[in-house]
Every structure is written in structure tokens, then in C-alpha cells.
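# Notes for the structure review
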There are 2 protein chains.
Amino acid sequence: MSDWYAMRGVSASKDEVKRAVQHLPQGLFPDAFCKVVPDFSDPDYCLLSHADGAGTKPVLAYLQWRETGDARVWAGIVQDALAMNLDDMACAGCFGPFVVSSVVSRNRRLVGGDALERLIAAGAEQAELLRSMGFELVLAGGETADMGDVVRTLDVSFTLTARMPRNAVLSCRPTPGDVIVGLASDGRAVYENRENSGIGCNGLTGARHDLLSDDYRLLYPETFDPGLPSDVVYKGRYRMSDPLPGSSLTVGEALLAPTRYFLPVVARILRDLRPNALIHSTGGGQTKCLSFLKKGRIVKDWDAVKVPAIFSEIQRTMPTDWRDMFRTYNMGVRLEVYVRPDDVGKVHAAAAEFGIRAYEIGRVEASGAGLTIRFQGQEYTY
Amino acid sequence: MSDWYAMRGVSASKDEVKRAVQHLPQGLFPDAFCKVVPDFSDPDYCLLSHADGAGTKPVLAYLQWRETGDARVWAGIVQDALAMNLDDMACAGCFGPFVVSSVVSRNRRLVGGDALERLIAAGAEQAELLRSMGFELVLAGGETADMGDVVRTLDVSFTLTARMPRNAVLSCRPTPGDVIVGLASDGRAVYENRENSGIGCNGLTGARHDLLSDDYRLLYPETFDPGLPSDVVYKGRYRMSDPLPGSSLTVGEALLAPTRYFLPVVARILRDLRPNALIHSTGGGQTKCLSFLKKGRIVKDWDAVKVPAIFSEIQRTMPTDWRDMFRTYNMGVRLEVYVRPDDVGKVHAAAAEFGIRAYEIGRVEASGAGLTIRFQGQEYTY
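Read on for a plain summary of the structure. Every residue gets a number counted from 1 within its own chain, in the order that chain's sequence is written. Chains and ligands are labelled sequentially in the order written, the chains with letters from A and the ligands with numbers from 1. With the structure being a predicted model, the display of local features is reserved for residues of pLDDT at least 70 and the display and counting of side-chain atom pairs for 80 or more, all residues being used for whole-chain, interface and lining totals. Hydrogens are left out, water is left out, and the side-chain values use all remaining heavy atoms of the structure.

## So, the interface of chain B and chain A
Interfaces are often described in size by the accessible area the parts lose on coming together. Rules: The contact criterion used is simple: two residues touch if any of their non-hydrogen atoms lie within 4.5 Å. Buried area is understood as the total, over both parts, of accessible area removed when two parts are fitted together, assessed with a 1.4 Å probe. One speaks of a salt bridge when a side-chain nitrogen belonging to Lys or Arg is within 4 Å of a carboxyl oxygen belonging to Asp or Glu. The term polar contact refers here to a pair of N or O atoms within 3.5 Å; inside protein, the definition further demands a hydrogen-donor-capable atom paired with an acceptor-capable atom, and it admits residues adjacent in sequence only when both atoms are side-chain atoms. Secondary structure is summarised from DSSP: a helix means a run of H or I of at least four residues, a strand means a run of E of at least two, and numbering begins at the N terminus for each.
With 69 residues of chain B in contact, the opposing surface of chain A contributes 69 residues. It is Phe40, Arg108 and Asp149 of chain B in chain B that bury the most area against chain A; as a group they hold 14% of the surface buried on that side. Applying the counting rule to chain B against chain A returns eight salt bridges. For the salt bridge of Glu16 of chain A with Arg108 of chain B, the shortest nitrogen-to-oxygen distance reads 3.7 Å. Our enumeration of links across chain B and chain A arrives at 26 residue pairs in polar contact (both at pLDDT 80 or more). Listed by contribution, the elements that provide at least two residues to the side of chain B that touches chain A are helix 2 (15-21), strand 2 (45-53), strand 3 (98-106), helix 5 (113-132), strand 4 (137-146), strand 5 (154-165) and helix 6 (204-211) of chain B.

## Notes on the packing of helix 6 (residues 204-211) of chain A against helix 10 (residues 309-317) of chain A
The description of two packed helices rests on the angle between their axes and on the distance between the axes. Residues and elements named next belong to chain A. Our working definition: Axis lines are fitted through C-alpha atoms, for helices just across the contact stretch, and the angle between N-to-C directions can take any value from 0 to 180 degrees. Roughly parallel means an angle under 35 degrees; roughly antiparallel, over 145; roughly perpendicular, 65 to 115; everything else is oblique. Helix crossings get a hand from a simple test, with the near helix turned counterclockwise from the far one by less than a right angle marking a left-handed crossing and a clockwise turn marking a right-handed one.
For the pair helix 6 and helix 10, the least separation of the axes is 9 Å and the interaxial angle reads 60°. If you check the angle between helix 6 and helix 10, you find them oblique. As helix 6 packs across helix 10, the resulting crossing turns out to be left-handed. Residue-level contacts link Ala207, Asp210 and Leu211 of helix 6 to Ile310, Glu313, Ile314 and Thr317 of helix 10.

## A closer look at the side chain of Glu336 of chain B
Residues and elements named next belong to chain B. Mapped onto the fold, Glu336 is located in strand 9 (residues 333-339). Among the polar contacts made by the side chain of Glu336, one reaches the side chain of Lys300 at a distance of 2.4 Å. Filtering out sequence-adjacent residues up to four positions away, Glu336 remains in contact with Ile180, Val181, Ala277, Leu278, Ile279, Ser281, Gln286, Cys289, Lys300 and Ile361.

## Examining the pairing of strand 6 (residues 179-184) of chain A
All names here are of chain A. Here is the rule we go by: A simple rule labels every residue: compare its accessible area, found with a 1.4 Å probe on the protein chains alone, to the largest value its type can have, and call it buried under 20%, exposed over 50%, or partly exposed in between. If DSSP finds at least two bridges between two strands, the strands pair.
Most of strand 6 is tucked away, with six of its six residues classed as buried. Going residue by residue along strand 6, you find Val179, Val181 and Leu183 tucked away on one face and Ile180, Gly182 and Ala184 tucked away on the opposite face as well. As judged from the six bridges shared by strand 6 and strand 9 (residues 333-339), these two strands associate in the antiparallel manner. Directly across from Val179, in strand 9, lies its bridge partner Val339. Two strands pair when backbone bridges link them, and strand 6 and strand 10 (residues 358-365) are joined in this way by five bridges, in the antiparallel orientation. Across the sheet, residue Gly182 finds its bridge partner in strand 10, namely Tyr359.

Below, the structure is given as C-alpha cells:
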């Protein structure tokens, strides 16, 4: 699947991006999960200004909206783009208040003013939900650009800026002896109003083309790069409204499940302990941890995890190597907590408070290097 | 041309955007040029977090790069996206330090890693240039997304966040009796290393399709929305390398001239006086001032202005009503300074220090309402 991935013009490993940014200053805390820069005025404080977007998930929202007329899809991608920022920042120990700025670029011919109104209203609704859980978002405005010559359908991103004491910034240092507790990306947290497929907001270009049928190529040519080889585009068997096997959701609902916020759980965990690392497993899926591993080897045992139906179905449909699945998708765990063995119970207890499953997914070993994932009698090394 | 404009899926008046945001809170200073929100910690301070991008200018950069192989084009659009933010913020009285976060979305199949490296290096170069003039930019990182299913070629935007004392925030209140001094968008400022066409970063979808020839439709179908009516796409007579009549620049160079920073001039002006309004004439061109006019009428006399060759040529090629030209393009003046008559000389002197032409382009009259622009014996009202 690595080749399919490259042929679709995406890169799980972001090799070119890493090369382009390798000479940039790394900020005040090079081993924090996010870049941290000095505060404007107080040497004891620092700032995070963090940008991320919903990636290609707006394409799925567009497809669902075209197929069903359901304008609620736009609210979901606002949650996606916010969660991608908030959970990265939480891994650095940052819990706001957050000043939020948005960039929405659309093809006005295809995505109308009603969608814009939904997107903007959703920002305020999400801020309200988060405020009710103790996190403040200040909406500072943003840019909305109509440019169909650049954007095929819709692109949504946010930049969140926050200030925090320097001594509260968390290092992200997986340490030999650590147990890795993984927080489930699927199920239903107490602050969610419906079942979550667990897909989050990564790997969605692949998931869309692998699951959805060729019908979409003809119906919605605006949803893919016409320069792609035709054999990588919409090669699955499903329509958005088909039931996803092993799930109560349709394929469309599963692909569009809004990315869970882990922010409240992370804040709760930090009341009781200070983990050696918190890793938000986004781009690179379960291999994201390699960016932060300085010594030793990470071993994960994925038989401990209930792999969500969406991932099993993507794997079966292509079929895709599990090896590639693990480096593309979160595979059921989007937040890893690296703790000493004595603290494992506290992480489980915190997750349980929010109705989120937690798994002991592995440990950091002193000898060796890299990452090994064991699953169904196989070992995958990275 | 209004219809052409709408048919191309853009909107100078941004009516749908304005409708979508009309119920949002306006921040601490509703009559400031930018939205201002409370500071995290100090009630005497406030924050601006401002997002803007290079719009469709990256499409022009892509065309020039494909035609000439000149990778320097990528640096120009970084300046464009920064200037669009900085000059808006300067109009609110904000001069940094600025924390800068970027979002780059690209079609990896068409825009390679070398372009990414140029874009990222250009951010550091522009920060250095601005620092040399006394303005600090702290580069906080950003997101680079490969998503050809969303972005045809390239999209570049920045979010700039800054903190300032509340009592330094400028109101933007055009006041009867004010003289409007306009700062030229073209020519060559002392801090620029080449002639600037004055086009800036607005109206470029129209400018590109009106000036460039049908050849580009066949050569680079990735540079426009294939759903557009074919008679609005690339209907001009020029190749990028053709000389622009009345100018020392080629058409490509003129379209790609990086947006001038007015930040240094505005900071200089504010040392001597506090204008009633500073208006960065971006979306809406010379009608942007209407968003800030509460009473009286603005009258502009455009015969006082040397209209840059790029605008004359766009007007002649279509041909386009001057009425529409004024509400799409800056027409030679991108920054308006509203002052009492006694202060006009000080604005001229400040502009002259930077090698920038300044014009008395009009005044605010107590009677009447709206905007009148006089040009070549005609009156255009808005």
C-alpha cells in the first residue's frame, strides 16, 4: 500500500516536509510535542501557536452532503480541525485559554453560503462544548476565501495560540521501563452524543479511495485529483449509505465520525501524574512515536486492542498489509500515555471516568531500537 | 465584469461571508480594522490573531515556475501572504512582535519538495528583512499538508498573533473633514529590490483570466476550476513572458509582484500623528472604505493618481467598466490614511522617507452617504 499511498499524492511519513523544515529553529523545548516559543513579555512564560486542518475529510463531508442533503456534516469537520490542534497541544501540557483563528477556502460554485454559515456556527458550538468542560476558546476571526481555481471543494484549518508557564511544558520522552497505555479512538465518550468509528482525521485519502466505489469517480469528479492514475481512485465496494460490516454505522458515518477530543482526559490524567510522554498518534499512525524515541525500543502488542471495524474493513477491502495499516491509521488508539508501571492504574481510572477504553498496548525496552508491533502472530518492525 | 467575477466563483463583496459572520461577537473594539480579543492575563492588554493567505496568487507562481523554471516565485507568495496580514494589523495599530504560524496545502504530484523548501526558507528570509526594519516575527511552525484531492496546485496562508496595550488600538473612523492620503502600491520603496507593479494580492483570479491567453487552458488545466464556463477562463492575449505595455515588467512579473509591506510607513506616520482611519484596501478594492464609513460621504478623485500599467491593461483587455475596476483592484493605492488637513504634509513626508509616492486622493464630506469616485470625467458611485 505504500505505493498506492504515494501514487495518491500523500505521504504518511511526510519525508519532504521533514526535509524542508529540518534547519528551522526548534523552539524553546525541542523535545516537547509541539513547537514552543518565548512569550511576548514574561520570561517565565511561553507561547504555542499551532496550525492544523481537517485534511481531506471535507471531501467526505461534501460527498455525504451531496448524497444525503444533511448539512450537519460541516459541523463535524470543524470538530476534526479543532481536535487535531487541541490534542497536539495537550500533549505539550497546554490547556488554554486558546485564541482560535480559522482559514476556510472553498469553491463557491460547489460549497454555498449555507455551508459557510454552518461551519462558522459550528466553531461557536464547539467552543461552548469545550467551555462546559473547562477549556476556553476565544474566537478571534479568520479568513474565508472563495477560490475554486485553487480548492476543488473545501479546505478548513485552524490556528490555536495559547500562553503557558514554561515549567508546565511537558517533555515527550519515551523512557525504557515505561508502560504505554493507549486511549481508544472509538466507542462513545461521556461527552460525545454518538458512537465514534475511531477513524479520526488521518489516512482519510486512503480510506476514502479504498472503501468507496467507482460510482463516485463518475458522480463527483470534483472530489479527486484528475491527474491520479485511475486505478488508485475509488476502488472500493461501498456507497456512503451502505452499512459498515461489524458496526452500527454506515460507511459514510464511520468515515465522517468527528475526531474525539482527548484534551479532557489528558487534563484529568495530569492531575494525578506526570507521564514521561504523551503522544497524539496522527500522521504516521502507530509509528508516530518513533519521532520521539531517543533510546531503547518500543514494543506494542496489538492483540490487546479491539481494532475498530473501519480499519478491519479497509484492510480487508484492498487488501492492505497490516504493516502499512499501522503506519497510516491510528488502528484504535489515538493517544498514548507513557508511564511508570505503578501509574498504569491511574491512567485507566482517568479514562474510565470519561467512558473511554484504555489498553496496555506495550512498553519501552532498554535494549534495541525502533518499533515492533506484534499482531495476530506476526511482528512488524519500523 | 461583476457577472464575470461571479461566474468565476469569486466575490469582491464577500456577501456570503459577511452574512455568515454577521452574528459573531465583534471583539473588544468593533471599529478597529481587525478583530481584537482580550489578552490571556492582563486587562490592560489585548490580542490580535489574524489569518490571511495569498489567495490565487500561488496559481500564478505555479504558472511562472512551469514556464520559466524559476523557483524564486515561491518566495514572492510568502511575502504576499505575510503582507496581507501585517498591513491589516498595522491599520489597527499593531506592530508586533508577531508569532507566525503557517498552513501550506499542496498537490504533491505537481508542487515538489524543492518548492516546499523555498517556501519555508522564504519565511525565515522575510522575518529577517522585517527584523532589519524593526519588526519582530517569531516563526512558530505550521502545518504542511499533501492533499491533491483538495488543492489543485498550492495554497499558502499565515496566522499572525500579537499582543498590544488596549490604549494603542486604533479606531478606523473616517470623519467628515478628513483628507485621504493614499500610499502608492506601485513603484519601488527603499526596502524593495525591484519595481513593483502594484497589483498586490487581490483581484488576481480576474487579472489572470483577463490577461492570460487561451494557451494556458490547454497547457495547465490544473490552474482553474474545470466547472467554470469556458468563456471566462484565460480569455486574454498574453503569455507570462510577454512585456506588459507601459511597463518595464513582463506580464508574469507584473502579476507576481510581491505585495508591498506598508507596515514600516504606517509605523513612521504614527510617530507624528494619529490618523482618524487607516484602511488597507484589499478585498473590495477602493470600495473597502465603505465598511468603515459611519457618517458622511467619501469622495475620491482618481485623476490625482498614476494608475499602474497592470490595471490599465486589465481594463483595456476585457474591456472592463472602470466602475468594476475600482471595486476589484487597488488601482494604485493600497493604503489610505485619513487625517485632518493640517497633517497631510506629515503623511507625505513619511512616505517620501521610504521612497513611496503619496497622493491626496480625496476627502470625507459631512453631507451625503456612500462613496463617489471621479475619474476621467465620469463619476462612479457605490
